[in-house]
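Inside the fold
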Amino acid sequence: NSWHKKVRIELNVRNVQVEGVPLTGAIDKLELHEDFKTVVVDYKTGEIEPVKLRPPSESNPLGGNYWRQLVFYKLLYESFDRGARRVTSGLISWVDPNNKGQFVNSAIEIKPQDVEFIRKLVKETYVKIQNHEFYEGCGKSDCKWCNFVRHNLTPDSFA
């Protein structure tokens, strides 16, 4: 009875561009609320890890994986559906009960600065993909693997 009834499920978004960057994605559920407010929902299994829902910080400058995912879904959906509907928040809903037998939902408010952060990250990532910059490496100048990946220097052995 507590589930929101007006929803759109399993929305596959294709052929969307954000500032020239092609985006695709699959949103598990959209809750369509009054006043054109929308909540993006993603279902998860396994153990609840609150750190994955945190926004960027000094110790985690990119923010948690789930936080980035929900903010990305806002960017994706609003670029796909250019109507009046706006995503105001995101929700991670665990399908496995916790140790008390409860099904946990964790919500985040999505702020304009969050969207700008993800928009910038998407653009930077796309440039790296276009430049074939896939691997940062360990940072050691004498690392055989890093030199192989970065400079195509084949070592005698990777041992």
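So, a few notes on the structure that sits alongside this text.

What counts and what doesn't
Residues numbered from 1 in each chain as written. Predicted model: local features only at pLDDT ≥ 70, side-chain atom pairs only at ≥ 80, totals over all residues. Heavy atoms only, no water. Helix = DSSP H or I, 4+ residues; strand = E, 2+ residues; numbered from the N terminus. Contact = heavy atoms within 4.5 Å. 1 Å grid on protein atoms, 1.4 Å probe; cavity = no way out; pocket = protein on both sides within 12 Å on 5 of 7 lines; lining within 4 Å. Points joined across faces, edges and corners; volume = space filled by probe spheres on them. Buried < 20%, exposed > 50% of the residue type's maximum accessible area, 1.4 Å probe, protein only. Phe/Tyr/Trp six-rings, centres within 6.5 Å; stacked < 30°, edge-to-face > 60°. Pairing = 2+ DSSP bridges. Axes fitted to C-alpha atoms, helices over the stretch in contact; angles between N-to-C directions. Lys, Arg positive; Asp, Glu negative; His and termini not counted. Salt bridge = Lys/Arg side-chain N within 4 Å of Asp/Glu carboxyl O.

Turning next to the environment of Pro-56. Structurally, Pro-56 can be placed in the loop between β3 (37-44) and α1 (65-80). C-alpha of Pro-56 to C-alpha of Cys-146: the two residues are 90 residues apart in sequence and 28 Å apart in space. Not counting residues up to four positions away in its chain, the partners in contact with Pro-56 are Pro-61, Leu-62, Gly-63, Trp-67 and Phe-117.

What follows is about the layout of surface pockets. As a volume, the largest pocket reaches approximately 290 Å³. As for the largest pocket, its lining consists of 13 residues, and the residues nearest its centre are Trp-3, Lys-29, Tyr-43, Ser-93 and Asn-105. Among the elements of the structure, β2 (21-32), β3 and β4 (86-94) are those that each provide at least two residues to the lining of the largest pocket. If you tally residues by element for the lining of the largest pocket, the top one is β4, at three residues.

Look at Asn-15: it is not a glycine, yet its phi comes out positive at around 60 degrees. Position of Asn-15 relative to the elements: it lies in strand β1 (residues 7-18). Note on Asn-15: relative accessible area 79%, which makes it exposed. The backbone of Phe-36 shows a phi angle near 65 degrees, a positive value even though the residue is not glycine. Here Phe-36 is to be found in the loop between β2 and β3.

Applying the stated rule across the entire model yields three aromatic pairs. Centroid distance Phe-72 to Tyr-73: 6.4 Å. Interplanar angle 50 degrees. Geometry classified as tilted. No difference in accessibility class separates Phe-72 from Tyr-73, as the two residues are buried.

For a regular strand, side chains alternate in direction, first toward one face of the sheet and then toward the other. In strand β5 (residues 105-109), alternate side chains face the same way, and those of Ser-106 and Ile-108 are buried while those of Asn-105, Ala-107 and Glu-109 on the opposite face are not. Across five bridges, the pairing between β4 and β5 is antiparallel. Within β5, the position partnered with Leu-91 by the bridge is Ala-107.

Across the sheet, five strands lie side by side as β1-β2-β3-β4-β5; this open sheet has mixed pairing. The strands lining the two open edges of the sheet, one partner per strand, are β1 and β5. Averaged over all pairs of adjacent strands, the angle between their axes in this sheet comes to 35 degrees, without regard to strand direction. In this structure, β1 lies alongside β2, joined through nine bridges in antiparallel fashion. Considered in β2, the bridge of Val-16 is made with Leu-23. Sheet strands in contact with helix α2 (residues 112-130) are β1, β2 and β5, and its direction is about 145 degrees off that of β2.

Our focus in this paragraph is the side chain of Asp-114. Along the chain, the position of Asp-114 falls in helix α2. One buried charge, Asp-114, has no salt-bridge partner; the nearest side chain with opposite charge is Lys-111, at 5.4 Å. Here Asp-114 is in contact with Trp-67, Val-71 and Glu-109, once residues within four sequence places are set aside.

Structural measurements only, silent on function.
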